[in-house]
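Structural features, examined
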Amino acid sequence: MKNFLVKTIANAGALAVAVWLLDKITLTGDSTGKKIGTLILVALIFGVVNFLVKPIVKLFSLPLLILTLGLFTLVVNALMLLLTSWLADKLDLSFHVDGFWTAVLGGLIISIVSWALNVILPDGD
């Protein structure tokens, strides 16, 4: 449970950095508290998408991953971010990613920041 909480906090922090750096990834809300709540819910959705959907997509795209020496992972990460944005829209959360190339750059930022936060934050053994 502690590991799940740490990963969710890392995802929320990584998403916050992506929202802060990229104008086309938007998170709107009336107050800071509402934005933080939305960010945590989006981080939960992003975690579920990465846990359930990403392995299946990676399995089916394995030839492309091998052919591009792993660079196709950027496309897979972008698709997971776009799927998260779509699900957030369906759940009436104020998080939106505008465009594929924004999602590619956002996925790269989220991957780097999430990795760094997972190194810093304690691991739940």
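Residues numbered from 1 in each chain as written. Predicted model: local features only at pLDDT ≥ 70, side-chain atom pairs only at ≥ 80, totals over all residues. Heavy atoms only, no water.

Describing the overall build of the protein chain
Counting secondary structure elements, the protein chain contains six helices and two strands. Along the protein chain, helices and strands appear, N-terminal first, in the series α-β-α-α-α-α-β-α. Its C-alpha radius of gyration of 14 Å places the protein chain within 12% of the 14 Å reference for a compact globule of 125 residues. With the C-alpha coordinates of the protein chain rotated into their principal frame, the extents come out at 45 × 40 × 25 Å. Relative to its 125 residues, the protein chain shows a buried fraction of 34%. Partitioning the intrachain contacts of the protein chain with sequence separation of at least 6 by distance along the chain shows that 73% fall at a separation of at least 24. (Helix = DSSP H or I, 4+ residues; strand = E, 2+ residues; numbered from the N terminus. Rg over C-alpha atoms; globule rule 2.2 N^0.38 Å. Buried < 20%, exposed > 50% of the residue type's maximum accessible area, 1.4 Å probe, protein only. Contact = heavy atoms within 4.5 Å.)

As for the packing of aromatic side chains
Summed over all chains, the structure comprises one aromatic pair. Note on Phe100 and Trp101: the rings are 5.2 Å apart at their centroids and 75 degrees apart in plane angle, and the pair reads as edge-to-face. (Phe/Tyr/Trp six-rings, centres within 6.5 Å; stacked < 30°, edge-to-face > 60°.)

Here we look at the confidence of the model for the protein chain
Parts of the model with low pLDDT should not have their predicted coordinates read in detail. Averaged over every residue, the pLDDT of the protein chain is 92; the share at 70 or more is 97%. Here helix 1 (residues 2-21) stands out as the least confident element of the protein chain, with mean pLDDT 90; helix 5 (residues 72-90) is the most confident, with 96. (pLDDT = per-residue confidence, 0-100.)

A look at helix 1
Its 20 residues give helix 1 an end-to-end C-alpha distance of 29 Å, which sits within 8% of 28 Å, the value for a rise of 1.5 Å per residue. Taken together, the buried positions of helix 1 are Val6, Thr8, Ala10, Asn11, Ala12, Ala14, Leu15, Ala18 and Val19. The inward-facing, buried residues of helix 1 contact strand 1 (25-27), helix 2 (32-52), helix 5, strand 2 (95-97) and helix 6 (100-120). (Expected span 1.5 Å × (residues − 1).)

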